[in-house]
Amino acid sequence: MKLLPKMALAVLLPVVVGGVVAAWLLRQQWQQGEAVLLQQAREGLQVRAAALSRQLGEQYATLQLLASAPSLRGPLDRARVDLRAWSAASLGFQGVYFLGTDGIAISGEGRTVDLRDRPYVQQVLVGQAVRSVPLASRVDGQALLVHVVPVLDDRGRLLGGLGAGTPLGGLFTRLTPGSGTPAPGRAQLLLLDGEGRRLAGGLDGALPLLQVPDPGTSPLTHALLAAWRPAGGPDQQVQAAGRAWRVLQAPVDGQPLQLLLAQPQDELLAPVQAARQRGWLLLATTAGLVLLGGWGVHRVVGQRVRLLLDGQARLQHGDLSVRLDTGGGDELADLASSFNRMVDALQSSDQRFRMMFESLPMPVSLTDLDSQRYVDLNPAFAEAAGLPRAQIIGRNMVELRLAPDAAAMQRLFAALQPTGRLDGLTAASRAPDGSERWWAYSVRLVTLDGKPMALAVASEITAVRRARARLRANQRMLMRVFNLVPEPLAVIGADDGVYVQVNQRWEEQVGLKRAEVIGRDVLGLGLMGDRRQAMAMRQELLTTGRVRPQLVSVPRRDGGMLEWEVSARLMEIEGRRIGVWVTHDITERLVAERAMADSELRFRQLFEQSPVAMLFADRSGRLIAVNQHWAQLIGHGLGDMATLTDWWALARANPGPDWLAADGGRPLPAAECLVACKDGVSRVLMLGGARLDQGQIISAIDVTDRRRIEAELQDLNTTLEERVRQRTAELQAALDDLRRAQGELVRTEKLASLGALVAGVAHELNTPLGNAALMASTLAGRQQAFEQGMADGLRRSALQAFLSGLREVSEVLDRNLQRAASLVGSFKQLAVDQTSYHRRSFHFSEVVQEIALAISPTLRHANVRLVDRSDPAVQLDSFPGPLGQVLLNLVNNAVVHAFPSGAPGTVSIVTLGVHDGWLRLAVQDDGRGIAPENLDRVFDPFFTTRLGQGGSGLGLHIVYTLVTGLLGGRITAHSPVDGGGTRFDISLPLVAPADNTLATQPAVP
């Protein structure tokens, strides 16, 4: 801001601020005065509304007290006497009358008036009270506020209503005492009903009570009520007859009435308006005096200050010859002398800057940003450009080939604008001899003579760039050699553990690209074993300068593991310590070594645990080992013999030792020998063996018993045929008896299963049928109670209670009977399937659900839970009866045998899947399992572990017969040795074999 405006501001600002503050304070006083006037008017209106509410409330309470008089409930003559007395008493009523239920009003004098067309009569006839209803009396036409209180007999029945009227004129006169006839334009009071209709009062002089204002007779009142909104709030400003009116509203508590106070805005706020006019006059006078003082300051000081400003403007434009008059002897003269001395100093400084600019050895240039052309430069710049200074001034960077094109030059100057500086820029130029020269330069944004300029300082970096080019070439060659090294190499920071570089062989071995690991931490990638091992190797590198070969395990991306042998050397390059790590992948070697060790271990175990007696000797015949069976069978160990020849001498075997050299081939020919064993027994042994690279193996099999049995069989064959015929006849007779007994037992077992089903279903039916019987008896009792209640008169509450109870009983009956019907239907289907081999299409889960329903009592009694995990989408074309018999027998077998008495357990039926037209399922329990010695016999007929305890031994045999016979499937039993229950795996064709029938003779597995 210029000096003169500052001086004017310094003089005028306090005055203006003071005036604004004074105006604000005056405005607050005016607003406070308006609020006080409005509050006084509002409080006066509320006092009148409270007085009106109190008076009408007292009259209504009096009428309520009179309505309880006994005479109103007796003969009409007595009621008339009281009505006449009440009308004559000074109660504030125009008259008291009794309104009958026929709508006829009776006064104390006996007059009757038909009031049936009055709207409030209907409220009275339904027992509602009426308060302050404005209307004109039909007797004398007087405006009244009518109150009616219902009159009830001793039993609460409506007899009629006691009514009375309050004169509206007298009531309103008491609200406005001494006001006389309303004067137009003055504050006036209006009484309205609850819907905003005028009852009394007005702005146009005396208006008849209850008359609706109209534009002809009462234009001002009509206009004000038309502009006033009942829902607009208790304080409204409206326009009526060209004036602004303030309308205050107050409701009459407990009555459908409201009071309005209307007064012109200017008259209501007249004291505040007078104070406001005086305040504005004072502010205007003060402002005139301030302006007069400012004009005087301008005449005395302003002209000399303007001369100072003109000199400063000429100096800004570079005119160093400007000088100011120093006469006057005041502060402005001292300021002019200081200005002249400053101009002299600037001339000296400009000369020194020009001398430094010209002698600076680095190229310096000054460019106008608006025209983007050079405006000044030093001799070093002209020398670097190879042109005279005059030929460079006025040209731009593109013309001097310091920028490739105009767009690049535009981008350079655009980048300078935000920060005002650019550093580290490079540019190329051509020397007079044609060689290329490179420059590094910085640019600063400066302002000269009000224009933005770019000041650039450059230094030549041609030699540096050439050195960097040679360095990059050496680095590329070194990197090429680094990548061609056949060993995986990684350069890692020794202090921070961050990958610096890896070669191509390392990428191939690890499976990670160079860009994925450079700059990442070794511990984060996990390529140096676990964290503890990696930290130990880093500490060893920093302490000793090397890491001896160590084995680390590294996870591969495919989930496998790599075994590495890593070593490292510590180096220091440019002040940074790095470790060069060499990695050898020994995964395949370790796998081969472990495989060899495993192979030797397996051979040793096979050799020791072989059921054949074996001896191992080297190629010279020296004994290496004998296995346990050799020591048990023959007895001669390594302590008894050292070579094969020694053993041959001890065994006295025939053929002799020449048998080993009988053939040059690798397998040794089999030979049967009589060998003398260490226990003194001579045994017939079948000798065999093979030659290996490391030696030879000799095996011996004891065939002594075989040879003895062969001799006995030879003797037996001569008498065998006769004995076979006899034995065959005996066996055939026994077999026929067994078949008959077995068939009877199978039928007995099926009937027993069906009996168990009947008992279970009967138990299940007992609950819903019992509930249904209970609900039927409950319904009969409620019906009897309802019939007794009808004798005293039918009531709606009794009928609703009976219908509600009937609905509840019907719902319970329906649920229990549907449950019983479902049980009976399931049992019928299950019984038909169990007693016949009917073939049909069915869902496997339906059979499981029917079985679960049938045996649920048995399961609950045994504390066993059946889990159904069958697939509801599996459908079979087979025999549901035999399939249900199979599942039933398996579940019952688990309940009886798998769990100790009373112990909880779970039996699951699981669908394992459908594949190639076969259904695989399993029935499994979590019980104690089957002993290994009994597992192969569970499907045998008559095999049971509860012999003598009710077990027949045919349950699982029937299961096996039905699955492998009629159903055309397979079944196997599994029970882990260490417990964990029993599982029966069943495979069934989705379509049972067409030509398969139940065999009369059960198949024995």
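Residues numbered from 1 in each chain as written. Predicted model: local features only at pLDDT ≥ 70, side-chain atom pairs only at ≥ 80, totals over all residues. Heavy atoms only, no water.

## As for the sheet that holds strand β17 (residues 489-493)
If you trace the five strands from one edge of the open sheet to the other, you get β18-β17-β21-β20-β19, paired in antiparallel fashion. Two strands lie at the open edges of the sheet, namely β18 (499-502) and β19 (546-555), each paired on one side alone. Direction aside, the axes of adjacent strands within the sheet are offset by 30° on average. Each of β19, β20 (561-573) and β21 (576-585) touches helix α16 (residues 531-544); the most contacted strand, β19, lies at about 165° to it. Running over the sheet, helix α17 (residues 587-609) touches β19, β20 and β21 and is turned about 140° from β20. (Pairing = 2+ DSSP bridges. Helix = DSSP H or I, 4+ residues; strand = E, 2+ residues; numbered from the N terminus. Axes fitted to C-alpha atoms, helices over the stretch in contact; angles between N-to-C directions. Contact = heavy atoms within 4.5 Å.)

## Some remarks on the pairing of strand β10 (residues 243-252)
Burial within β10 is extensive, with seven of its ten residues counted as buried. Bridging between strand β9 (residues 235-240) and β10 involves six bridges; their strand directions are antiparallel. Residue pairing across strands places Q237 opposite R246, the latter belonging to β10. Count of turn residues in the β9/β10 antiparallel hairpin: two residues, of which A241 carries a positive phi of about 55°. Hairpin connection of β10 to strand β11 (residues 257-264): four residues between the antiparallel strands, including G254 at a positive phi of 75°. (Buried < 20%, exposed > 50% of the residue type's maximum accessible area, 1.4 Å probe, protein only.)

## A word on a nonpolar patch on the surface
Taken together, the side chains of L13, V17, V21, W24 and L25 present a nonpolar region at the surface, about 460 Å² in accessible area. Take V21: it is sitting in helix α1 (residues 3-67). (Patch = residues over 30% accessible without salt bridge, like charges linked within 9 Å, V, L, I, M, F, W, Y side chains within 5 Å. Areas by Shrake-Rupley, 256 points an atom, 1.4 Å probe, with all protein chains shown as cover. Salt bridge = Lys/Arg side-chain N within 4 Å of Asp/Glu carboxyl O.)

## Section: the pairing of strand β1 (residues 96-100)
Within β1, five of the five residues are buried, which leaves it mostly tucked inside the rest of the structure. Burial along β1 is two-sided: V96, F98 and G100 facing one way and Y97 and L99 facing the other are all buried. With five bridges joining them, β1 and strand β6 (residues 158-167) adopt antiparallel strand pairing. Within β6, the residue paired with F98 across the bridge is L162. In this structure, the hairpin formed by β1 and strand β2 (residues 104-107) is closed by a connection of three residues, where G103 is found at a positive phi of approximately 85°.

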